[in-house]
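Close look at the chain arrangement
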Amino acid sequence: MSYNNQDSPHILCVNPWIHDFAAFDFWSKPVGLLKIAALLEQQGAGVTFIDCTDRFHPMDTEQRKTLPDGRGPYRKRKIDPPPGLPNVKQQFSRYGIAPEWFRQDLEAAGKPDLVLVTSGMTYWAPGVKETIETIREVYPDVPVILGGIYATLWFEHAEQYTGADIVISGADFEKIFRSIHRYTGIGLAADFEPGNLDSHPYPAFHMLGRIPYVPLTTTVGCPFSCDYCASSHLADTFRRRSVDSVFREIEYWHQKYGVRNFAFYDDALLVDKERHALILFEKIAASDLDVSFHTPNAVHVKELDEKTCLLMKKAGFKSIRMGLETADFSRNRTMDAKVAGTDFSCAVSGLKKAGFDGKQIGAYLLCGLPGQGFDEIEASFQHVRQTGTTPTFAFYTPIPHTRMWETAVKHSRYDIESDPVYTNNALFPCMQETGIRRKISRLKNRLKTSGKTVYDGKKDNTEEDLH
Ligand code: B12
């Protein structure tokens, strides 16, 4: 939590609990709300930030191991699954701090003038609802505004379901400022141009109890429009920050807070790289910063030529994830516009030549796509393994406003239009084949025995992540 300035309007920002079958702090920070918190602080508001997924809460005495790069498991407690999922055998949990600690933190913060709640995955809606209910118990008459990814992608559901007073869709800063003004009297637009990313303050990571790593966003949006991805709905134009501004941010977190690990959140980090990313990597390589970089959100395979790979190595990249999606090149990739057959082998040879080892290089494979069979998943897995790099499963989650949504609705075993919880990728909602989870586990075991395991974003921590 951060301080509360008594003389100015007090705004409480809350990152909600995660309710899911599995979750792991895989470079996951509420960057959008932290950015708004920074803006409010800059304008003199008293801002308190409570992160319900805080892994380092002072009341937490549980021993959980943090990986050297800052990632780690959340505290978790078993809860009932949301209604409608009666036949699912996997355990359902609340990830994050204990409800009593949250209540205590809310009380300790003092009554705010306004509460801002963010949201992540659409299927985490039940965690958002429980968070808002708890806020209401403590401060029944304080207005609550909900925004973030779920609020943007499934606005109507968020309005009906979460109990927020207002739901704001997207990164519409004018609208966000108007609502904040309405409740607190703070006028926010003064020294900030929404369209100019360089004028945005850094997200307020300093308001979190500890900063194990910092996510970086150098670009917003994506020039591609892949069938399964909602990026173009979340940001309608592709914009980027200046290289200097990104470099200064890295220096800032490193020098002031000792941060060593940075994860790029960009959807298109390497696009137009000669004029952007490569200049940044060169600048970092030429500096004496002792920092490491990671690309959990995947980079475009096509962009990984030898020069880029070498610069990434020199700049301090430690884990590279590529969006391969599938090694079935026969469908001519109508699904995404990014990869051709030979691109992948060129990228792998470039990365290896630059000095990355197979464990540092992961290729995301989308599994659970509508109409996909296990055969395709296995073939993609083998294709990646043969290159000596690490296949990393990304389970498909159907998202409204994407081109694949209608197909997903048709293929789904659940009424996914009725409730986001059915779109949870742990359910493999679009796969008709049975036993898919077991089959995928078997593939993963093959990796384990060969000593190559990379966390795939959809599993709790196990020894393999924490060795
Ligand atoms: C970075 C990222 C990740 C990171 C971690 C992100 C995190 N915080 O947990 C990593 C790489 C780990 C990740 C993983 C996954 N991700 Co992801 N990820 C993203 C990405 C690229 C950016 C999210 C982000 O932080 N944006 C930056 C901030 C600034 O934006 P923002 O939070 O939306 O905030 C803005 C507004 O929403 C608003 N706002 C925010 N909060 C509030 C609050 C209030 C009150 C108001 C008024 C406004 C407001 O203000 C901000 C203004 O800039 C998005 C795509 C995208 N372009 O957004 C996908 C995305 C969110 N991910 C997605 C998916 C599918 C996944 C995975 C399931 C992939 C997989 N199959 O394994 C996993 C699951 C992760 C998990 N935790 O379990 C989907 C969402 C699916 C869904 N159903 O909701 C997205 C949309 C991509 C897509 N495929 O279309 N992801």
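Anything mentioned here points back to the structure above.
Residues numbered from 1 in each chain as written. Predicted model: local features only at pLDDT ≥ 70, side-chain atom pairs only at ≥ 80, totals over all residues. Heavy atoms only, no water.

Below, the discussion takes up the state of the cysteines. Enumeration according to the criterion identifies 0 disulfides in this entry. Cys309 supplies the cysteine sulfur nearest to Cys346, a cysteine that is in no disulfide, at a spacing of 9.9 Å. (Disulfide = S-S within 2.5 Å.)

Our focus in this paragraph is the pattern of salt bridges. Using the criterion set out here, one finds 21 salt bridges in the structure. The partner of Asp60 in a salt bridge is Arg64, and the shortest N-O contact between them spans 2.7 Å. The shortest N-O distance in the salt bridge between Glu303 and Lys273 comes to 2.9 Å. Taken together, the residues Glu303 in the loop between strand E13 (292-299) and helix H10 (306-315) and Lys273 in the loop between strand E12 (261-264) and helix H9 (277-286) connect sequence positions 30 residues apart. In terms of burial, Glu303 and Lys273 fall into one category: buried. Bridged by salt links that share partners, the residues Asp60, Glu62, Arg64 and Arg77 form one connected network. (Salt bridge = Lys/Arg side-chain N within 4 Å of Asp/Glu carboxyl O. Helix = DSSP H or I, 4+ residues; strand = E, 2+ residues; numbered from the N terminus. Buried < 20%, exposed > 50% of the residue type's maximum accessible area, 1.4 Å probe, protein only.)

Our next topic: the site of the ligand. Every one of the 40 residues lining the ligand counts as a neighbour, but Ser28, Thr118, Thr122, Ala230 and Asp267 are closest to it. At a separation of 2.7 Å, a nitrogen atom of the ligand approaches a polar side-chain atom of Thr122. Note that a nitrogen atom of the ligand is positioned 2.6 Å from one of the side-chain N or O atoms of Asp267. Broken down by secondary-structure element, the contributors of at least two residues to the shell around the ligand are helix H1 (31-42), strand E6 (114-117), strand E7 (144-146), helix H4 (149-153), helix H6 (173-184), helix H7 (231-234), E13 and strand E16 (390-395). Ranked by residue count, the leading element in the shell around the ligand is H1, at 3 residues. Partitioning the shell around the ligand into residue classes produces 25 nonpolar, 12 polar and 3 charged. Residues lining the shell around the ligand come from more than one domain, with at least three contributed by each of domain 1 (10-184) and domain 2 (213-466). (Near = heavy atom within 4 Å. Polar contact = N/O pair within 3.5 Å; in protein donor to acceptor, adjacent residues only side chain to side chain. Nonpolar A, V, L, I, M, F, W, Y, C, P; charged D, E, K, R; others polar. Domains from an automatic or database assignment.)

With that settled, consider the nonpolar core. Counting 82 residues, the largest nonpolar core has Leu116, Phe281 and Met322 as its most contacted members. A total of 8 residues in this core trace back to one element, the largest contributor, which is H1. Each of two domains, domain 1 (10-184) and domain 2 (213-466), supplies a minimum of three residues to this core. (Core = buried A, V, L, I, M, F, W, Y, C linked by side-chain atoms within 4.5 Å.)

With that settled, the discussion passes to the sheet that holds strand E4 (residues 76-78). Hydrogen bonds along the backbone pair up the strands of a sheet, which may run parallel or antiparallel. The strand order across the open sheet formed by 3 strands is E2-E5-E4, and the pairing between neighbours is antiparallel. Of all the strands in the sheet, the pair left with one neighbour each is strand E2 (18-20) and E4. Geometrically, the sheet is characterised by an average inter-axis angle of 25 degrees between neighbouring strands, direction not taken into account. The pairing of E4 with strand E5 (residues 93-95) spans 3 bridges and is antiparallel. Bridge pairing links Lys76 to Tyr95 in E5. (Pairing = 2+ DSSP bridges. Axes fitted to C-alpha atoms, helices over the stretch in contact; angles between N-to-C directions.)

Take the pairing of strand E3 (residues 46-51) next. With 6 of 6 residues buried, E3 is to be regarded as a mostly interior element. Across the two faces of E3 the burial is the same, with Gly46, Thr48 and Ile50 and Val47, Phe49 and Asp51 all buried.

We now examine the environment of Ile145. The residue Ile145 is located in strand E7 in this model. A C-alpha to C-alpha distance of 9.2 Å links Ile145 and Ile176, two positions 31 residues apart in sequence. Ile145 has contacts with Leu114, Val115, Leu116, Val117, Ile166, Ile168, Ser179 and Tyr183, leaving out every residue within four places of it along the chain. (Contact = heavy atoms within 4.5 Å.)

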